[in-house]
Amino acid sequence: DTLAFEFSVADARLVVNCGTYAYQDAAWRNRLRGTAAHSTVEIDGIDSAEVYGVFRLGRRPRDAQGRRRTDADGISVVGQHDGYRRLGLIHHRRLSLASDGRRLSGEDRVQRTRSPGTSRRMAARFHLHPDVRVALGAGGVLSLDAPGMGTWLFEAPGEAVRLDDSVYAPHFGEMHQSRQIVVETPLAAGDTVVRWQFRRHP
């Protein structure tokens, strides 16, 4: 879950992580521990921290950094981690929340630390709470609605945006079907940057 985030509007939850369904169910336990079950960036379906057993971890981020800044424009958080160092990659993420709370902007950058030997793809995932109703509009812009939240728009200009199925487990033994936004793109020979935002509409 390194550099994953959740996003709420007042009491309404918009972006979540998938949660924990059970410790005893090994299949669901490790699926929900995996990178793809969190609102962060995944590379080629590979976990940034290798999970196995019920509580075991293999290779994992050794260097995870983050800093927060508040000014007149709002709040920004910048972080990075080296969980994909075995692939020669570092993930950088910047989140910026406007001072009026009506826009959350993000930038995900995958930095190469060595020459590419294999073509790879990055996927930025945003898991939605089950209460959120989502519709795909023109130009890949998504419209998001939930009680108490109003309407929000998601966009990632110049990128391919799609919707996939997801799940949400708020408590042990409880699971709900939900949706996730996926922004997926091939990695460039140098750094790859994906910019996106959630904004209140109107």
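Just so we're clear, the structure is a prediction, and the values are computed from it rather than from any experiment.

Undergrad: Account for the overall build of the protein, with residues named and values stated.
TA: Each helix and strand counted, the protein has one helix and 16 strands in total. Against the 2.2 N^0.38 benchmark of 17 Å for 202 residues, the protein shows a C-alpha radius of gyration of 17 Å, consistent with a compact globule. Expressed as lengths along the three principal axes of its C-alpha atoms, the size of the protein is roughly 45 × 40 × 35 Å. By residue count, 43% of the 202 residues in the protein fall in the buried class. Within the protein, counting contacts between residues at least 6 apart in sequence, those at least 24 apart form 56% of the total. For the protein, the accessible area works out to roughly 10200 Å², and carbon and sulfur atoms hold 47% of it.

Undergrad: Quick rundown of the side chain of Glu 155? Include the residues and the values.
TA: Locating Glu 155 in the fold gives a position in strand β13 (residues 150-155). There is a polar contact of 2.7 Å between the side chain of Glu 155 and the side chain of Arg 199. Residues in contact with Glu 155, not counting those within four places in the same chain, are Val 141, Arg 195, Trp 196, Gln 197 and Arg 199.

Undergrad: Can you break down the sheet that holds strand β8 (residues 89-98) residue by residue, with the values?
TA: Strand order across the open sheet formed by eight strands is β6-β7-β8-β9-β16-β13-β12-β11, with antiparallel pairing between neighbours. Only two strands of the sheet have a single neighbouring strand rather than two, namely β6 (64-71) and β11 (133-136). Averaged over neighbouring strand pairs, the angle between their axes works out to 15° when direction is ignored. One ladder, built from four bridges, connects β11 with strand β12 (residues 142-146); its direction is antiparallel. The partner of Val 134 across the bridge, within β12, is Leu 144.

Undergrad: Tell me what's going on with the packing of aromatic side chains, and back it up with residues and numbers.
TA: A full pass over the atoms with the stated rule returns twelve aromatic pairs. Judged by centre distance (4.7 Å) and plane angle (65°), the ring pair of Phe 126 and Trp 196 falls under edge-to-face. In this pair, Phe 126 sits in strand β10 (residues 121-128) while Trp 196 sits in strand β16 (residues 192-201), placing the two residues 70 residues apart along the sequence. Trp 196 carries the same exposure label as Phe 126, and that label is buried. Here Trp 196 and Phe 198 contribute two aromatic rings whose centre-to-centre distance is 6.0 Å and whose plane-to-plane angle is 80°, an arrangement assigned as edge-to-face.

Quick notes on the rules
- Residues numbered from 1 in each chain as written.
- Predicted model: local features only at pLDDT ≥ 70, side-chain atom pairs only at ≥ 80, totals over all residues.
- Heavy atoms only, no water.
- Helix = DSSP H or I, 4+ residues; strand = E, 2+ residues; numbered from the N terminus.
- Rg over C-alpha atoms; globule rule 2.2 N^0.38 Å.
- Buried < 20%, exposed > 50% of the residue type's maximum accessible area, 1.4 Å probe, protein only.
- Contact = heavy atoms within 4.5 Å.
- Areas by Shrake-Rupley, 256 points an atom, 1.4 Å probe, with all protein chains shown as cover.
- Polar contact = N/O pair within 3.5 Å; in protein donor to acceptor, adjacent residues only side chain to side chain.
- Pairing = 2+ DSSP bridges.
- Axes fitted to C-alpha atoms, helices over the stretch in contact; angles between N-to-C directions.
- Phe/Tyr/Trp six-rings, centres within 6.5 Å; stacked < 30°, edge-to-face > 60°.

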